[in-house]
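Results of the structural survey
Spelled out, the chains give:
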Amino acid sequence: IADVAIDVHQLDVASSSLQKLAELDSSKRVDYWTQLASLEMRLNRAQTAETLLNRSLEVDPNALGALRLKAQLLGVLGRSRELSRVLLRLVQLGDADRSDLIVLASTDPFVDDVERLEALSKSSPENPTLLLARARQAINSDRTADARKLLEKFTQELPHDWEGQAMLGQILS
């Protein structure tokens, strides 16, 4: 049912089916949660997708599908340090490809996906974690004043996020 629902773009039906499957079959729970996280990403619900991926990785820290999807999500969200940790885990597991290594070797890993970030922002405009990605985009476009405003708002809403604090510190210095 989940597969057919995905094929005919009935994502809510697919989501419900995958949730039921995860409850019924604990041996494949990680796979179902990862598929569900992928659906949530297609629906631009980043927080729900991340929660599902974290749940998957708590059960199986070596779940390649969940790691790869989490890397994708973290890259778009501009959470470079967390992205680096996930990519390093993929390297340790022997599943990193050339593009992973290029991102990992860069000084500030970030996937500048304007369309995805815009869709995520429309879907959940109250999500403060998106401010970090917008700030990275502003920095990459030499719009330092915009980046500063975004980071000031980000650090007010998430004062314990050291990555945002560090970025703001770099701009201020």
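Structure: above.
What you see is a predicted model; the values in this text were computed from it and never measured. (Residues numbered from 1 in each chain as written. Predicted model: local features only at pLDDT ≥ 70, side-chain atom pairs only at ≥ 80, totals over all residues. Heavy atoms only, no water.)

Regarding the overall build of the protein chain
- Scanning the protein chain from terminus to terminus reveals 11 helices and 0 strands.
- If you list the helices and strands of the protein chain from N to C, you get α-α-α-α-α-α-α-α-α-α-α.
- At 17 Å, the protein chain has a C-alpha radius of gyration in line with the 16 Å of a compact globule built from 173 residues.
- Reported as C-alpha extents along the three principal axes, the dimensions of the protein chain are approximately 55 × 35 × 25 Å.
- Of all intrachain contacts in the protein chain linking residues separated by at least 6 positions in sequence, the fraction that spans at least 24 positions is 50%.
- Accessible area of the protein chain: about 9700 Å², with a carbon and sulfur share of 50%. (Helix = DSSP H or I, 4+ residues; strand = E, 2+ residues; numbered from the N terminus. Rg over C-alpha atoms; globule rule 2.2 N^0.38 Å. Contact = heavy atoms within 4.5 Å. Areas by Shrake-Rupley, 256 points an atom, 1.4 Å probe, with all protein chains shown as cover.)

Points about unusual backbone geometry
- The phi angle at Asn44 is positive, at roughly 60°, despite the residue not being glycine.
- Position of Asn44 relative to the elements: it lies in the loop between α3 (29-42) and α4 (46-59).
- Taking relative accessible area as the criterion, Asn44 reaches 16% and is therefore assigned buried. (Buried < 20%, exposed > 50% of the residue type's maximum accessible area, 1.4 Å probe, protein only.)

Here's the deal with the pattern of salt bridges
- A complete count under the given rule lists 8 salt bridges for this structure.
- Measuring nitrogen to oxygen at the nearest pair gives 2.6 Å for the salt bridge that ties Glu50 to Arg79. Of this pair, Glu50 sits in helix α4 while Arg79 is found in the loop between α5 (64-77) and α6 (80-92), placing the two residues 29 residues apart along the sequence.
- For Glu50, a relative accessible area of 14% puts it in the buried group.
- The shortest N-O distance in the salt bridge between Arg148 and Glu152 comes to 2.9 Å. Of the two residues, Arg148 and Glu152 are both situated in helix α10 (residues 144-157); the distance of 4 residues between them amounts to about one turn of the helix.
- Note on Arg148: relative accessible area 39%, which makes it partly exposed. (Salt bridge = Lys/Arg side-chain N within 4 Å of Asp/Glu carboxyl O.)

Remarks on the side chain of Thr129
- Position of Thr129 among the secondary structure elements: in the loop between α8 (114-123) and α9 (130-140).
- Owing to a relative accessible area of 19%, Thr129 belongs among the buried residues under this scheme.
- Here Thr129 is in contact with Leu77, Phe154 and Leu158, once residues within four sequence places are set aside.

A look at the packing of aromatic side chains
- For the coordinates displayed, the defined rule picks out 0 aromatic pairs.
- Its end group placed over the ring of Trp33, Arg55 keeps NZ or CZ at 5.2 Å from the ring centre. (Phe/Tyr/Trp six-rings, centres within 6.5 Å; stacked < 30°, edge-to-face > 60°. Lys NZ or Arg CZ within 6 Å of the ring centre and 35° of its normal.)

Details of α4
- Given a rise of 1.5 Å per residue, 14 residues ought to cover 20 Å, and the 20 Å separating the end C-alpha atoms of α4 matches this to within 8%.
- Within α4, the full set of buried residues consists of Ala46, Ala49, Glu50, Leu52, Leu53, Ser56 and Leu57. Viewed end-on, α4 has its buried residues packed into an arc of 165°, placing them on one side of the element. α4 presents Glu58 and Val59 as exposed residues on the side facing more than 90 degrees away from its buried surface. (Expected span 1.5 Å × (residues − 1). Arc of directions from axis to C-beta.)

Some points on the nonpolar core
- Counting 36 residues, the largest nonpolar core has Leu18, Ala37, Leu39, Leu53, Leu73, Leu77 and Leu120 as its most contacted members.
- Counting only elements with at least two residues in this core, the list comes to α1 (2-7), α2 (11-24), α3, α4, α5, α6, α8 and α9.
- Broken down by element, the residue count for this core peaks at 8 residues, all from α5.
- What Leu73 contacts, discounting residues up to four positions off in sequence, is Met41, Ala46, Ala49, Glu50 and Leu53.
- Of all hydrophobic cores here, the second largest spans 8 residues; its members include Leu131, Leu151, Phe154 and Leu168. (Core = buried A, V, L, I, M, F, W, Y, C linked by side-chain atoms within 4.5 Å.)

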